[in-house]
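# A structural walkthrough
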Amino acid sequence: MKKLSLWCAAALLSISASASLALTAQPYIATSVQFHQTQQKADMLVLLVPADTTELKLSGWSRATSNQVNRALQVAEFNGKSGSKLELVAPVGLEYGRLLLLGIGNPAELSRAKAEELGASLGVHVNDTSAKQVQVSSQLITDTTLNTEITTAVAHGMELRNYRFDRFKSKPAARPAQQYRWQVADVAASQARYQQLHALAQGVFTARELTNLPGSSGYPEAFAQYARQVLEPLGVKVTILGPEQIKALGMGSLYGVSQGSDKKAHLLIAHWQGAEGQPIALVGKGNTFDTGGYNLKTDSASIIRMHSDKAGAAAVVGAVQALAGQKAPINVVAVAPLSINMISGDAQLPGDVVTAGDGSTIEIGSTDAEGRLILADGIWYAREHLKARVIVDIATLTGAKVGALGTVYSALFTEHSDIEQTLRQAGERVQERVWRLPLAGYEEITKSRIADRINTGSPGAQAGAIFLKHFAGDTPWAHIDIAGDAFNAAAKGIHPEGSNGYGVRLLTEWVSLYQQSAE
């Protein structure tokens, strides 16, 4: 009877695990976007208005319509300044129920990021109306190239803002579902560019979804299987190493973080081979929930968001998804070491010593400095087993980074000027900016009394970077600390409330720039 009971218990555990793995990954499509050269019927007409516009008279407008619109321009002192809005309800002589004038400033000076912010603002405005079909006219942007760039960026920003994480709501609110019809100068070019941005948005949505998953839902194996569902249909080769394989490869630094949990460590490898040669490796910290271990986190306001400690892993998955969706001619691989930092009788203890995949030993100075432990083996795996030509890791790693830079910049550590230059350029384009902090002079801060190195040190941000640098060996490497950047307490700009997918746009842009710089 005792054996039967044990068998039943094991079966129930197996059923429970299988049930919790049943997370459905589906493309998130918030809005319908179509491009045309002519105006279409709609509930609302949105007109993109350049700066210094003092009078409007469009083809097909009656004198009464022009008089009403221009009188409204004068009274409201609307002149097309970027971000300004003027709405007319039931405009005279037009079939549209609403006319919205959206200022875009000087088209030649409007950056991609600013255009995306305008799109987010437009989405919020439309969501507060009853409009179901929206016509957006760009006919006042006369330069064809600028017309394509601006309209697609505005549409992209709107799409990013309209994301909702609602899988756990019993009665979720209706998602934004308007149909947007864009009147553009070049339909083919606009469609092609938007498809690239839409693929990028899908990568961002996957990263947001994965990062938003609570600890008990998005644990290592569940995270890996979710990523597999998303990536394999795009032609990405996905490999998932389980805990026994991790142990067999000697990756004790990764394995040790999860040894106190029944949800053991996994390693996800997602390879988009869009070109020949050695791959570019993106390594993301995937600590799916962080209690701090025996160095327990005691701030209730902080620990409730520790599901976001997997944002780095989510970012590299999302970036590879975006590049695969774009059919990018690049050989790139995401490596996501996945753990869950828990407490039990088997959990890692402060003062323990573990052996990493490269054979070096690590003293556990703090169980709450677990991110660098799992990244160490992820970086080593990318170098040793994937023969990466360059490695960039990304992680919500240190509170010290927040103290140094806040959330305006992420912290960049590298000794390679080409990586720094292209990362800074990519960050400026998508407004996920990086700022380089020094490595020189800090080489000894992770020296251990009893092992090869210790996973703590001061200053904290440098200690994390110096620790990780060792595992890259001679491979060109950079570390991006995104602590504080991956979660929005309130909706802002292109991001809704919650996890924002930080790093997907940065890494996707960087991979392309780095590839171009090397050619």
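Scroll up to find the structure.
In what follows, the accompanying structure is described. Computed from a prediction, not measured in an experiment: that's the story for all the values here. (Residues numbered from 1 in each chain as written. Predicted model: local features only at pLDDT ≥ 70, side-chain atom pairs only at ≥ 80, totals over all residues. Heavy atoms only, no water.)

On the basis of which strands lie adjacent, the open sheet formed by 3 strands has the order β12-β13-β17 and mixed pairing. In this open sheet, the two edge strands, each paired with only one partner strand, are β12 (353-355) and β17 (453-454). (Pairing = 2+ DSSP bridges. Helix = DSSP H or I, 4+ residues; strand = E, 2+ residues; numbered from the N terminus.)

What follows covers the layout of surface pockets. Approximately 670 Å³ is the volume found for the largest pocket. When contributions to the lining of the largest pocket are tallied by element, the ones reaching two or more residues are α3 (112-127) and β19 (487-488). (1 Å grid on protein atoms, 1.4 Å probe; cavity = no way out; pocket = protein on both sides within 12 Å on 5 of 7 lines; lining within 4 Å. Points joined across faces, edges and corners; volume = space filled by probe spheres on them.)

Bringing empty space enclosed by the protein into the picture now. With the rule as written, the count across this model stands at 1 cavity of 30 Å³ or more. Its boundaries defined by the atoms lining it, the largest cavity holds a volume of some 60 Å³. Looking at the largest cavity, the residues that line it are Gly256, Val257, Gly260, Gly293, Tyr294, Asn341, Met342, Ala347, Gln348, Thr367, Glu370 and Leu373. Per-class residue counts for the lining of the largest cavity are 5 nonpolar, 6 polar and 1 charged. (Nonpolar A, V, L, I, M, F, W, Y, C, P; charged D, E, K, R; others polar.)

This part covers the nonpolar core. Residues Leu282 and Trp510 are the most contacted members of the largest nonpolar core, which totals 70 residues. Counting residues per element, this core draws most heavily on helix α10 (residues 311-325), at 11 residues. Beyond its immediate stretch of four places on either side in the chain, tryptophan 510 contacts Ile280, Leu282, Val390, Val392, Ile419, Thr422, Leu423 and Ala426. Ile246, Ile364, Phe413 and Leu468 belong to the second largest nonpolar core, which has 43 residues in total. (Core = buried A, V, L, I, M, F, W, Y, C linked by side-chain atoms within 4.5 Å. Buried < 20%, exposed > 50% of the residue type's maximum accessible area, 1.4 Å probe, protein only. Contact = heavy atoms within 4.5 Å.)

Serine 458 connects to proline 459 through a cis peptide bond whose omega is 0°. With respect to the helices and strands, the residue proline 459 is situated in the loop between β17 and α14 (460-472). Despite not being glycine, alanine 90 has its phi angle at roughly 50°, a positive value. Taking the relative accessible area as the measure of exposure, alanine 90 reaches 54% and is therefore exposed. Even without being a glycine, lysine 327 presents a positive backbone phi close to 55°.

Looking now at the packing of helix α5 (residues 187-212) against helix α6 (residues 220-231). Each pair of packed helices can be summarised by the angle the axes make with each other and by the distance between the axes. The interhelical angle for the contact between α5 and α6, taken along N-to-C directions, is 160°, at an axis separation of 11 Å. If you check the angle between α5 and α6, you find them roughly antiparallel. The handedness of the crossing between α5 and α6 is right-handed. Counted together, Thr206, Glu209 and Leu210 of α5 and Phe223, Tyr226 and Val230 of α6 form the full contact between these two elements. In terms of residue class, the contact of α5 with α6 is made up of 4 nonpolar, 1 polar and 1 charged. (Axes fitted to C-alpha atoms, helices over the stretch in contact; angles between N-to-C directions. Parallel < 35°, antiparallel > 145°, perpendicular 65-115°, else oblique. Left-handed = near helix turned anticlockwise from the far one by under 90°.)

With that out of the way, let us pick up the packing of aromatic side chains. Counting across every chain of the model gives 7 aromatic pairs. Plain terms: the ring middles of tyrosine 409 and tryptophan 435 are 5.4 Å apart, the flat faces sit at 70° to each other, and that makes the pair edge-to-face. Here tyrosine 409, found in the loop between α12 (399-405) and β15 (410-414), pairs with tryptophan 435, found in strand β16 (residues 434-436); they are 26 residues apart in sequence, far enough to count as distant. Tryptophan 435 gets classed as partly exposed once you look at its relative accessible area, which sits at 37%. Where phenylalanine 467 meets phenylalanine 471, the ring centres are 5.5 Å apart and the plane angle is 45°; that geometry is what we call tilted. Of this pair, phenylalanine 467 and phenylalanine 471 both sit in helix α14, separated by 4 residues, roughly a single helical turn. By relative accessible area, which is 0% here, phenylalanine 467 ends up buried. Over the aromatic face of tyrosine 219 sits the side chain of lysine 263, whose NZ or CZ is 4.9 Å from the ring centroid. Stacked on the ring of tryptophan 435, the Lys or Arg arginine 424 has its end atom at 5.0 Å from the ring centre. (Phe/Tyr/Trp six-rings, centres within 6.5 Å; stacked < 30°, edge-to-face > 60°. Lys NZ or Arg CZ within 6 Å of the ring centre and 35° of its normal.)

So, on to the side chain of lysine 310. Summarising the element assignment, lysine 310 is placed in the loop between α9 (300-303) and α10. Here lysine 310 is buried and forms no salt bridge, its nearest opposite-charge partner aspartate 309 lying at an N-O distance of 9.5 Å. At 2.7 Å, the side chain of lysine 310 and the backbone oxygen of leucine 213 are in polar contact. When near neighbours in sequence (up to four residues on either side) are disregarded, lysine 310 contacts Leu210, Thr211, Leu213, Gly218, Phe223, Lys285, Gly286, Asn287 and Thr288. (Lys, Arg positive; Asp, Glu negative; His and termini not counted. Salt bridge = Lys/Arg side-chain N within 4 Å of Asp/Glu carboxyl O. Polar contact = N/O pair within 3.5 Å; in protein donor to acceptor, adjacent residues only side chain to side chain.)

So, about helix α11 (residues 371-384). One full turn of an α-helix is made of 3.6 residues, so residues set three or four places apart face in the same direction. Here α11 contains 14 residues, and its C-alpha end-to-end distance of 20 Å stays within 8% of the 20 Å for a straight helix at 1.5 Å per residue. Burial within α11 is extensive, with 12 of its 14 residues counted as buried. Taken residue by residue, α11 has Gly371, Arg372, Leu373, Ile374, Leu375, Ala376, Asp377, Gly378, Ile379, Trp380, Tyr381 and Ala382 as its buried positions. (Expected span 1.5 Å × (residues − 1).)

This paragraph deals with the pairing of strand β3 (residues 85-89). Burial along β3 is one-sided: Leu86 and Leu88 are buried, and none of Lys85, Glu87 and Val89, which face the opposite way, are. Pairing geometry for β3 and strand β4 (residues 98-105), over 5 bridges, is antiparallel. What sits directly across from lysine 85, in β4, is leucine 102.

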